[in-house]
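# Structure at a glance
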Amino acid sequence: MFTRRYMIAALSSLAAPAFVRPAFAAPSDWDAWDAEVTPANFDLGTSNPWGLHPRLLPVRVKANPGLKPGDVHVDAVARYLYHIQDDGSAMRYGVAIGRDGLYEPGVYTIKRKSKWPGWTPTPTMIKREPDKYARWEEGMPPGPGNALGSRALYLYVGNRDTYLRIHGTPAPRSIGTRASSGCVRMVMAHINTLYDQVDTGVTAYLYPTDGSAL
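Residues numbered from 1 in each chain as written. Predicted model: local features only at pLDDT ≥ 70, side-chain atom pairs only at ≥ 80, totals over all residues. Heavy atoms only, no water.

Attention shifts here to the overall build of the protein. When you go through the protein residue by residue, the secondary structure sums to five helices and eleven strands. In the protein, which comprises 214 residues, the share counted as buried stands at 49%. Here the analysis covers contacts within the protein between residues at least 6 apart in sequence; of these, 69% occur between residues at least 24 apart. Carbon and sulfur atoms make up 53% of the accessible area of the protein, which totals about 10,300 Å². (Helix = DSSP H or I, 4+ residues; strand = E, 2+ residues; numbered from the N terminus. Buried < 20%, exposed > 50% of the residue type's maximum accessible area, 1.4 Å probe, protein only. Contact = heavy atoms within 4.5 Å. Areas by Shrake-Rupley, 256 points an atom, 1.4 Å probe, with all protein chains shown as cover.)

This next bit is on the pattern of salt bridges. In the structure shown here, the tally under the stated rule is five salt bridges. Close ionic contact of Asp-34 with Arg-151 constitutes a salt bridge, the shortest N to O distance being 2.9 Å. Taken together, the residues Asp-34 in helix α2 (residues 27-37) and Arg-151 in strand β7 (residues 151-157) connect sequence positions 117 residues apart. The same class applies to Asp-34 as to Arg-151, namely buried. Residues Asp-100 and Arg-178 are paired through a salt bridge, measuring 3.1 Å at the closest nitrogen-oxygen approach. Here Asp-100, found in the loop between β5 (97-98) and β6 (106-115), pairs with Arg-178, found in strand β9 (residues 178-180); they are 78 residues apart in sequence, far enough to count as distant. The structure contains a network of salt bridges with shared partners spanning Arg-99, Arg-128 and Glu-129. (Salt bridge = Lys/Arg side-chain N within 4 Å of Asp/Glu carboxyl O.)

Next up on the list: the sheet that holds strand β11 (residues 203-206). Taken in spatial order, the nine strands make up an open sheet running β1-β4-β3-β2-β11-β6-β7-β8-β10, and their pairing is mixed. At either end of the open sheet lies a strand with only one pairing partner, and these are β1 (59-62) and β10 (184-187). Averaged over all neighbouring strand pairs, the angle between strand axes comes to 30 degrees, with direction disregarded. When strand β3 (residues 80-84) meets strand β4 (residues 89-94), the two strands line up antiparallel, connected through five bridges. Note on β4: the bridge partner recorded for Tyr-82 is Arg-92. Helix-sheet contacts for helix α5 (residues 188-197) involve β3, β4, β6, β7, β8 (160-169) and β10, and the interaxial angle to β10 is about 105 degrees. (Pairing = 2+ DSSP bridges. Axes fitted to C-alpha atoms, helices over the stretch in contact; angles between N-to-C directions.)

This brings us to the pairing of β8. In terms of burial, β8 is largely enclosed, as eight of its ten residues are buried. Two strands pair when backbone bridges link them, and β8 and β10 are joined in this way by four bridges, in the parallel orientation. Counterpart to His-167 in the pairing with β10 is Arg-185.

Turning to the environment of Thr-46, a few remarks are in order. In this structure, Thr-46 sits in the loop between α2 and β1. Overall, the relative accessible area of 57% leaves Thr-46 in the exposed class. Here Asp-43 takes part through its side chain, which lies 2.8 Å from a polar atom of the side chain of Thr-46. (Polar contact = N/O pair within 3.5 Å; in protein donor to acceptor, adjacent residues only side chain to side chain.)

What follows covers α5. Burial within α5 is extensive, with seven of its ten residues counted as buried. When we look at burial in α5, the residues that qualify are Met-188, Ala-189, His-190, Ile-191, Asn-192, Leu-194 and Tyr-195.

On to the side chain of Thr-203, then. Turning to its location among the elements, Thr-203 is positioned in strand β11. By relative accessible area, Thr-203 is classed as buried at 19%. Apart from the residues lying within four places of it in its own chain, the contact partners of Thr-203 are Asp-71, Val-72, Val-107 and Tyr-108.

Dropping the structure here:
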């Protein structure tokens, strides 16, 4: 259910004192948190308590020819993520991407997936915005107010973790904008659906913000 408690957690996630929860959540917490961030009578294509522009709601579209089923493509111009299906279609979701200078186009492999992950800002993030991130140097515990939200897909180049993620966000109204420190953000109820359909080992293509090819 999309609750007042969820909204308070979303608004205060970067200002709350550290470790209000354990650093790692038990699976027994996950169902309750999923219910907390999922609207009542949720329908993937029509539910919109977040006030998103209708074009940013999930929809099935025709995929471009030649794209490999299972792969993920992020259009940084339109702020869409496409998950390619076996039948030549794609599920399209609205996303937010990195702020100017922080978005990193490229070809990545999704090597890890995590439900209700914890999150730790990188040293670069702490140095760049210490007032915002230094308090979380030892890690932000999982839960509806966590910066990675309910699910995270981890992007690698070879065996190197890039620290870029496709993840849920406690700030759903940022969808459609350039708002993150480099990651691709999704509404939590949307990435919960995507997460179950994406296999590790698939490729994620993050296209440049000028519309050029990779």
